[in-house]
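# Working through the structure, step by step
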Amino acid sequence: MTDADAPADVPAVAPARAGAGAPPGRTGATGVAEGVRARARRELVGRIADAARDQLAEVGAAGLSVRAVTRSLGMAPSAVYRYFPNRDALLTALITDAYVGLADAAEAAERAVPRADLLGRWLAVHRAVRAWALAHPHEYALIYGSPVPGYRAPEDTTVPAARVALLLAGVAVDAWAADGGAAVPDGPGAPVPAALLADARTVLGLALSSRPADTRPPAEAVDLRVPLAVVDAWTELFGCVSFELFGHYRGVLAERAAHLDDVATRTAAAAGVRARG
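A brief structural summary. (Residues numbered from 1 in each chain as written. Predicted model: local features only at pLDDT ≥ 70, side-chain atom pairs only at ≥ 80, totals over all residues. Heavy atoms only, no water.)

### Observations concerning the overall build of the protein
Counting its secondary structure elements, the protein contains eleven helices and zero strands. Sequence-ordered secondary structure for the protein, helices as α and strands as β, is α-α-α-α-α-α-α-α-α-α-α. For the protein, buried positions account for 41% of its 277 residues. Considering only residue pairs separated by 6 or more positions, the protein has 75% of its internal contacts joining residues 24 or more positions apart. (Helix = DSSP H or I, 4+ residues; strand = E, 2+ residues; numbered from the N terminus. Buried < 20%, exposed > 50% of the residue type's maximum accessible area, 1.4 Å probe, protein only. Contact = heavy atoms within 4.5 Å.)

Following this line, the structure appears as structure tokens:
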């Protein structure tokens, strides 16, 4: 049986949290047994995902096979199909994990910088994304490399995929709020094209929704060039990292970390984020 032959009606079972399914306050042998089962399930799913990442490094996403993963673990295919009924389910789990791991690293780096150091926070996000990509090249390639033939990512991968962009947007909104709404992005001040107004409002709305209500500026007060500048910065960040990781700077650009810092400083200014004296 190939991956494609796996039963279509087998559900992808997410790892349960410890104690999941037990009524509140339940104790005793039954509760302990449920906790043990949940932990065993999480550990098994983790082993499957680790084996799949190893295979990803060897054969690439297009060559990923649930059956090959089961062989590497010495398990019966049915044991893995219970959690990942086909290759696409396994790919989706790896893609989601990669987006989450990348965003977690970026958020941790940004949190470590004092809140008032807006440019430092912006640079920290860029540096963390690059560092994570260099440390996890195969996982980065899975989410920002060539599309996998025959695979279509489900909509629920878009939320973790957007976390870095929204992190940058949060810094830009903080810069706007710190200046009392007086900060204006660098540039000639050309109005936002009518075709982009809806997109700019959507990005701004997402950025504002992550802020506490008492620190959230009214959306209509924020220059709509700010969210579009954040989208530009997001694009340039991953463009630079992808060019480095996939070898496009070879023989052209040696100081890649310094170059990314320079790009980040310029995109920060375009979004109204500057060093403060």
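### Notes on the pattern of salt bridges
In total, this model carries twelve salt bridges according to the counting rule given. Each of Glu110, Arg115, Arg121 and Asp174 takes part in a single network of salt bridges with overlapping partners. (Salt bridge = Lys/Arg side-chain N within 4 Å of Asp/Glu carboxyl O.)

### Focus: helix α11 (residues 256-270)
With 15 residues, α11 ought to run about 21 Å at 1.5 Å a step, and its terminal C-alpha atoms sit 21 Å apart, in line with that. Those residues of α11 lying buried are Leu260, Val263, Ala264, Thr267, Ala268 and Ala269. Contacts from the buried residues of α11 go to α5 (118-135) and α10 (225-245). Note on α11: the residue one or two positions beyond its end, Gly272, has a positive phi of about 85°. (Expected span 1.5 Å × (residues − 1).)

### Concerning the packing of aromatic side chains
One pass over the structure, following the stated rule, counts six aromatic pairs. Seen from their ring centres, Tyr140 and Phe238 are 6.4 Å apart, and the 15° between their planes marks the pair as stacked. Taken together, the residues span a long stretch of sequence, with Tyr140 in helix α6 (residues 137-144) and Phe238 in helix α10 at a distance of 98 residues. Given the relative accessible area of 0%, Tyr140 is considered buried. Ring plane angle 50° and centroid distance 6.2 Å describe the contact between Tyr140 and Phe246, whose orientation is recorded as tilted. Here Tyr140 is found in helix α6, whereas its partner Phe246 is found in the loop between α10 and α11, with 106 residues between them in sequence. When its relative accessible area of 35% is taken as the criterion, Phe246 is described as partly exposed. What links up through ring pairs into an aromatic cluster is the set Tyr99, Tyr140, Tyr144, Phe238 and Phe246. (Phe/Tyr/Trp six-rings, centres within 6.5 Å; stacked < 30°, edge-to-face > 60°.)

### Section: α5
With 18 residues, α5 should cover 26 Å at 1.5 Å per step; its first-to-last C-alpha distance of 26 Å lies within 8% of that length. The buried fraction of α5 is high, at 14 of 18 residues.

### Considerations on the environment of Asp104
On the secondary structure map, Asp104 appears in helix α4 (residues 87-111). Remark: the alpha-carbon pair of Asp104 and Arg163, spanning 59 residues in sequence, is separated by 8.8 Å.

### Here we look at the packing of α4 against α5
The geometry of α4 relative to α5 is characterised by a closest axis approach of 8 Å and an angle of 145° between their N-to-C directions. Considering the relative orientation of α4 and α5, their crossing is right-handed. Across from Ala98, Gly101, Leu102, Ala105, Ala106, Ala109 and Glu110 in α4, the residues of α5 making contact are Arg121, Ala124, Val125, Ala128, Val129 and Trp132. For the contact of α4 with α5, the class distribution of residues is ten nonpolar, one polar and two charged. (Axes fitted to C-alpha atoms, helices over the stretch in contact; angles between N-to-C directions. Left-handed = near helix turned anticlockwise from the far one by under 90°. Nonpolar A, V, L, I, M, F, W, Y, C, P; charged D, E, K, R; others polar.)

### Points about the side chain of Thr157
Positionally, Thr157 belongs in the loop between α6 and α7 (158-161). Those residues in contact with Thr157, other than ones at most four positions away along the chain, are Thr92, Ile95, Thr96 and Tyr99.

Without other data, these values stay purely geometric and don't point to any function.
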